[in-house]
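The chain contents come next:
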Amino acid sequence: MEIIQIVGLGLIATFLALVVKEQKPIFAFLLVVFVGALIFLFLIEQIARVISMLEQIAQNANINQVHVQTILKIIGIAYITEFGAQIAKDAGQAAIGSKIELAGKVLILVMAIPILTAVIEMVISLIPQ
């Protein structure tokens, strides 16, 4: 039922933003940013549950917690980057939004290097010499 509340809030904010945008575009933009942040706050509990479940699964599978934490950070960077880029694009700053996306991709690549290294080392160890 949470999705109905989130979609309802989003639709109401959309209609309000459309009405307000004609008179005060800055207020419409602030409304959109505020509602976006509010929707994110609605989801924090769900995100925490997912993270907890993934950590438990990794612990049961004897997976290195550092790798799990790195993957979760990568996922977080991806979502935050997307959120920031969309806000910039909504404000009419597509160029800045694109730069935010580029920065997110570079940070993800940097964070993934230890995991890629571990995978490559594992594959090399499996190849008979």
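Criteria and thresholds
- Residues numbered from 1 in each chain as written.
- Predicted model: local features only at pLDDT ≥ 70, side-chain atom pairs only at ≥ 80, totals over all residues.
- Heavy atoms only, no water.
- Helix = DSSP H or I, 4+ residues; strand = E, 2+ residues; numbered from the N terminus.
- Polar contact = N/O pair within 3.5 Å; in protein donor to acceptor, adjacent residues only side chain to side chain.
- Contact = heavy atoms within 4.5 Å.
- Axes fitted to C-alpha atoms, helices over the stretch in contact; angles between N-to-C directions.
- Parallel < 35°, antiparallel > 145°, perpendicular 65-115°, else oblique.
- Left-handed = near helix turned anticlockwise from the far one by under 90°.
- Nonpolar A, V, L, I, M, F, W, Y, C, P; charged D, E, K, R; others polar.
- Expected span 1.5 Å × (residues − 1).
- Buried < 20%, exposed > 50% of the residue type's maximum accessible area, 1.4 Å probe, protein only.
- pLDDT = per-residue confidence, 0-100.
- Salt bridge = Lys/Arg side-chain N within 4 Å of Asp/Glu carboxyl O.

Draft legend 1. Summary view of the side chain of Thr81. Inspection of the secondary structure puts Thr81 in helix H3 (residues 65–90). Polar contacts involving the side chain of Thr81 include one to the main-chain carbonyl oxygen of Ile77, which spans 2.6 Å. When near neighbours in sequence (up to four residues on either side) are disregarded, Thr81 contacts Ile100, Glu101 and Gly104.

Draft legend 2. Region of the structure containing the packing of helix H2 (residues 25–60) against H3. Contact geometry of H2 with H3 gives a least axis separation of 12 Å together with a crossing angle of 165°. With respect to H3, the axis of H2 lies roughly antiparallel. Considering how the two elements wind past one another, H2 and H3 form a crossing that is right-handed. Together, Phe29, Val32, Val33, Gly36, Ala37, Ile51, Leu54, Glu55, Ala58 and Gln59 of H2 and Gln65, Val68, Leu72, Phe83, Ile87 and Asp90 of H3 make up the contact between the two elements. Its residues placed into classes, the contact of H2 with H3 shows 11 nonpolar, 3 polar and 2 charged.

Draft legend 3. The arrangement of helix H1 (residues 2–23) in detail. Counted at 1.5 Å a residue, the expected span for H1 with its 22 residues is 32 Å, and the 32 Å between its end C-alpha atoms agrees. Looking at H1, one finds that the buried residues are Ile6, Gly10, Ala13 and Ala17. On its buried face, H1 is in contact with H2.

Draft legend 4. Seen up close, the confidence of the model for the protein. Mean pLDDT over the protein works out to 90, with 100% of the residues at or above the 70 mark. Across the protein, element-level confidence peaks in helix H4 (residues 94–126) with a mean pLDDT of 93 and bottoms out in H2 with 89.

Draft legend 5. How the structure looks around the pattern of salt bridges. Overall, the coordinates contain 2 salt bridges when judged by the stated rule. A salt bridge links Glu101 to Lys89; the nearest nitrogen and oxygen atoms lie 3.1 Å apart. One end of the pair, Glu101, is in helix H4; the other, Lys89, is in helix H3, and 12 residues separate them in sequence.

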